[in-house]
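Residues per chain, in single letters:
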Amino acid sequence: MNSLILSTSSRYLLVLLQLFSMFLLLRGHNEPGGGFAGGLVVAAAYALYFIANGVTEARRVFRFEPLTVEVAGLGVALVSTLPSILGGMEFMRSVWFNTGISVIGKVGAPLLFDIGVYLLVLGITLKIVFSLAGEDEV
């Protein structure tokens, strides 16, 4: 099944959904969203791209091995615990740093943890999608 409309629109939707997932990731502390929701949205974008263009093209566009993204997500989530441990506080206590840049404001360990969750969800979901396509082994 080759749909020219789906194939063409999936390229634009991939970019739009990636931007929306970043919005969800950055919004997620006091409002609905965060790493999990953002990771699911971007994984759904790649799944749509895979459906429209095939798994080989989706893998080429994604560029990374899903397992590598999973491991990176776990690593980032673990690193997010270090500021509280090194500061002598409870495990995973929120630690915030003022960047001095008015547009960015404060950046904290919860954002780092959300980025780790984002990468973990993206990697796991794409691993499942590519496995179901028969192009990857679980």
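Everything numeric in this text was worked out from a predicted model, so none of it was measured.

The rules we used
Residues numbered from 1 in each chain as written. Predicted model: local features only at pLDDT ≥ 70, side-chain atom pairs only at ≥ 80, totals over all residues. Heavy atoms only, no water. Helix = DSSP H or I, 4+ residues; strand = E, 2+ residues; numbered from the N terminus. Buried < 20%, exposed > 50% of the residue type's maximum accessible area, 1.4 Å probe, protein only. Contact = heavy atoms within 4.5 Å. Areas by Shrake-Rupley, 256 points an atom, 1.4 Å probe, with all protein chains shown as cover. Lys, Arg positive; Asp, Glu negative; His and termini not counted. Charge placed at Lys NZ, Arg CZ, Asp CG, Glu CD. Expected span 1.5 Å × (residues − 1). Bend = angle between axes of the 7 residues up to and from the residue. Salt bridge = Lys/Arg side-chain N within 4 Å of Asp/Glu carboxyl O. pLDDT = per-residue confidence, 0-100. Axes fitted to C-alpha atoms, helices over the stretch in contact; angles between N-to-C directions. Parallel < 35°, antiparallel > 145°, perpendicular 65-115°, else oblique. Left-handed = near helix turned anticlockwise from the far one by under 90°.

(A) Quick look at the overall build of the protein chain. Along the backbone of the protein chain there are six helices and two strands. Overall, the protein chain shows an N-to-C arrangement of helices and strands of α-α-α-α-α-β-β-α. Per-residue burial over the protein chain gives 35% buried out of 138 residues. At a minimum sequence separation of 6, the contacts of the protein chain that also span at least 24 residues come to 61%. Total accessible area on the protein chain is roughly 8,500 Å²; 68% of this is exposed by carbon and sulfur atoms. On the protein chain, the mean spot of the 8 positive side-chain charges and the mean spot of the 9 negative ones are 8 Å from each other.

(B) Just helix α1 (residues 4-27), in detail. Spanning 24 residues, α1 covers 35 Å between terminal C-alpha atoms, matching the ideal 34 Å at 1.5 Å per step. Where α1 bends most, the angle comes to about 30°, and this point is S10. Of all the positions in α1, only S7, S10, L14, S21, L24 and L25 are classed as buried. Of the surrounding elements, those touching the buried residues of α1 are α2 (35-53), α3 (55-62) and α6 (109-132).

(C) Highlighting the pattern of salt bridges. Following the criterion strictly, the structure yields three salt bridges and no others. R60 is paired through a salt bridge with E57; the nearest N and O atoms lie 2.5 Å apart. Here R60 and its partner E57 are both found in helix α3, three residues apart, which amounts to about one turn of the helix. Judged by its relative accessible area of 24%, E57 falls in the partly exposed class. Across the pair E90 and R93 runs a salt bridge whose closest N-O atoms are separated by 3.0 Å.

(D) Representation of the confidence of the model for the protein chain. The share of residues in the protein chain with pLDDT of 70 or more is 92%, and the mean pLDDT across the chain is 87. For the protein chain, the element scoring lowest by mean pLDDT is strand β2 (residues 106-108), at 76; helix α4 (residues 66-79) scores highest, at 95.

(E) A look at the packing of α2 against α3. Taken N-terminus to C-terminus, the directions of α2 and α3 make an angle of 140°; their axes are 7 Å apart at the nearest point. Regarding the angle of α2 to α3, the classification is oblique. The crossing of α2 and α3 is right-handed. Facing Y46, Y49, F50 and N53 of α2, the residues of α3 in contact are V55, E57, A58, V61 and F62.

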